[in-house]
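# Observations on the model geometry
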Amino acid sequence: MTIRHHLSNPLLMAYAAGNLSEAFGLVVATHISLCDECRARLETFEAVGGAVVDSADTVAMADGSLESVLARLGPQDAAPAPRKRGFFPAPLADYVGGDLAAVHWRPLGMGVRQAILPTARGASARLLYIPAGQAVPDHGHRGTELTLVLQGAFRDESDRFGVGDVEIATEDLEHTPVAEAGMDCICLAATDAPLRFRAMLPRLLQPIFRI
Ligand SMILES: [Zn+2]
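Below: a short report on this structure. Bear in mind that the values here come from a model prediction, so they are computed numbers and not experimental data.

## A few points about the coordination of the zinc ion
- Every protein donor of the zinc ion is listed here as His6 (ND1), His31 (NE2), Cys35 (SG) and Cys38 (SG), and their distances to the metal cover 2.0 to 2.3 Å.
- Given 4 donor atoms and angles of 93 to 132 degrees at the metal, the environment of the zinc ion is assigned as tetrahedral.
- In primary sequence terms, the donor set of the zinc ion follows H-x24-H-x3-C-x2-C. Linking His6 in the segment before helix 1 (9-16) with His31 in helix 2 (residues 22-34), this pair joins segments that are 25 residues apart in sequence.

Structure (C-alpha cells):
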C-alpha cells in the first residue's frame, strides 16, 4: 500500500489535543493505523502536548487521592490478547461490530450503499460502498468532508485516491467521486455539515439518508 494523500497538520494537532469530533477522530485514528508517516507526525504533536503538561503549574489533589486510586485499581488484568484483524482496521472494527458481512448497508441508488456509524452529534461518520465504475452524485460541501479509502480506489476532479489515502474536501471543492473500474470501492467518510448536491433528486433524499 503506497499512501499518497495524508492528514493535514491542523487535523493531527487537533487530534493530539483531543479537539476533534468523534466522527473526524475515527477517520484520523483509522488512517494513522495504516500510515507510519502520519503516526510519526502525530507523535511529534503529542510530544509538544506532553511538554506543555510538564511545564504547567501543578494543582494539588485532595489528601488520600493516590491511595484511593490505587485501591480501586485492584490486581492488574493480563494484557488483552490481540484481536483477530478482519477487513476493518482496528479503530473502525469496534464501530462496525464485526467484519464486512456485519455491515448494515442502506441503498442510496445506482448500487451505491452507505452505513451510518454510531458517533456523537456534531459530525457524522459513514461507510460508503461504491460499485466499480460507479459515480457518487456530484456535490459540494458546507463544511469539511474526510474520506478514507479502505478498498479499491476512486477518482475525482482533484486526484486519484487508493487504499489508505485520505481526501480532505472543504467548502471550495465541488466533486464527483467515481470508483475505479475493476474493484468495488469502500470508504470511511466523515462530514460536519450536510453536503450540497446540485441535482434535485439527491437534494430531496438528503434528509432521509442524512447526507
Ligand atoms: Zn498519512
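## Some remarks on the sheet that holds strand 2 (residues 112-117)
- Pairing is antiparallel in the open sheet, where 6 strands are placed in the order 1-2-3-10-5-8. Sheet topology places strand 1 (106-109) and strand 8 (166-169) at the edges, where each strand pairs with a single neighbour. Put simply, the sheet's adjacent strands are angled 25 degrees from each other on average, direction ignored.
- Pairing between strand 5 (residues 145-151) and strand 8: 4 bridges, direction antiparallel. From the neighbouring strand, Leu146 faces strand 8, where its bridge partner is Ile168.
- Docked against the sheet, helix 2 engages strand 2, strand 3 (124-130), strand 5, strand 8 and strand 10 (185-191), running at close to 135 degrees with respect to strand 10.

## Observations concerning the packing of helix 1 against helix 2
- Look at helix 1 against helix 2: their axes get within 10 Å of each other, and the N-to-C directions meet at 105 degrees. It follows that helix 1 is roughly perpendicular to helix 2 by the angle criterion. Here helix 1 contributes Leu11, Leu12 and Tyr15 to the contact with helix 2, which in turn contributes Phe24, Gly25, Val28, Ala29 and Ile32.
- Its residues assigned to classes, the contact of helix 1 with helix 2 comprises 7 nonpolar, 1 polar and no charged.

## With respect to the nonpolar core
- Within the largest apolar cluster, 33 residues are counted, with the highest numbers of intra-cluster contacts made by Leu7, Phe88, Leu92, Leu117, Leu127, Leu150 and Leu188.
- Only helix 1, helix 2, helix 3 (36-55), helix 5 (90-96), strand 2, strand 3, strand 5 and strand 10 provide two or more residues apiece to this core.
- The dominant element in this core, judged by the number of residues it contributes, is helix 2, at 6 residues.

## Quick look at the packing of helix 2 against helix 3
- Close contact between helix 2 and helix 3 brings their axes to 6 Å; oriented N to C, the two are set at 115 degrees. Judged by the twist between their axes, the crossing of helix 2 over helix 3 is left-handed. Facing His31, Ile32, Ser33 and Leu34 of helix 2, the residues of helix 3 in contact are Asp36, Cys38, Arg39 and Leu42.
- Class assignment for the residues of the contact of helix 2 with helix 3 results in 4 nonpolar, 2 polar and 2 charged.

## Considering the pattern of salt bridges
- Counting across every chain of the model gives 4 salt bridges.
- Among the ionic pairs, Asp159 bridges to Arg4, the shortest N-O distance being 3.7 Å. One end of the pair, Asp159, is in the loop between strand 6 (154-155) and strand 7 (160-161); the other, Arg4, is in the segment before helix 1, and 155 residues separate them in sequence.
- We classify Arg4 as partly exposed; its relative accessible area is 47%.
- Salt bridges linked by common partners bring Arg155, Arg160 and Glu180 together as one network.

Rules used throughout
Residues numbered from 1 in each chain as written. Predicted model: local features only at pLDDT ≥ 70, side-chain atom pairs only at ≥ 80, totals over all residues. Heavy atoms only, no water. Donors = N, O, S within 2.8 Å, 3.2 Å for Na, K, Ca; no water. Tetrahedral: all angles 85-135°; square planar, octahedral: opposite > 155°, others 65-115°. Helix = DSSP H or I, 4+ residues; strand = E, 2+ residues; numbered from the N terminus. Pairing = 2+ DSSP bridges. Axes fitted to C-alpha atoms, helices over the stretch in contact; angles between N-to-C directions. Contact = heavy atoms within 4.5 Å. Parallel < 35°, antiparallel > 145°, perpendicular 65-115°, else oblique. Nonpolar A, V, L, I, M, F, W, Y, C, P; charged D, E, K, R; others polar. Core = buried A, V, L, I, M, F, W, Y, C linked by side-chain atoms within 4.5 Å. Buried < 20%, exposed > 50% of the residue type's maximum accessible area, 1.4 Å probe, protein only. Left-handed = near helix turned anticlockwise from the far one by under 90°. Salt bridge = Lys/Arg side-chain N within 4 Å of Asp/Glu carboxyl O.

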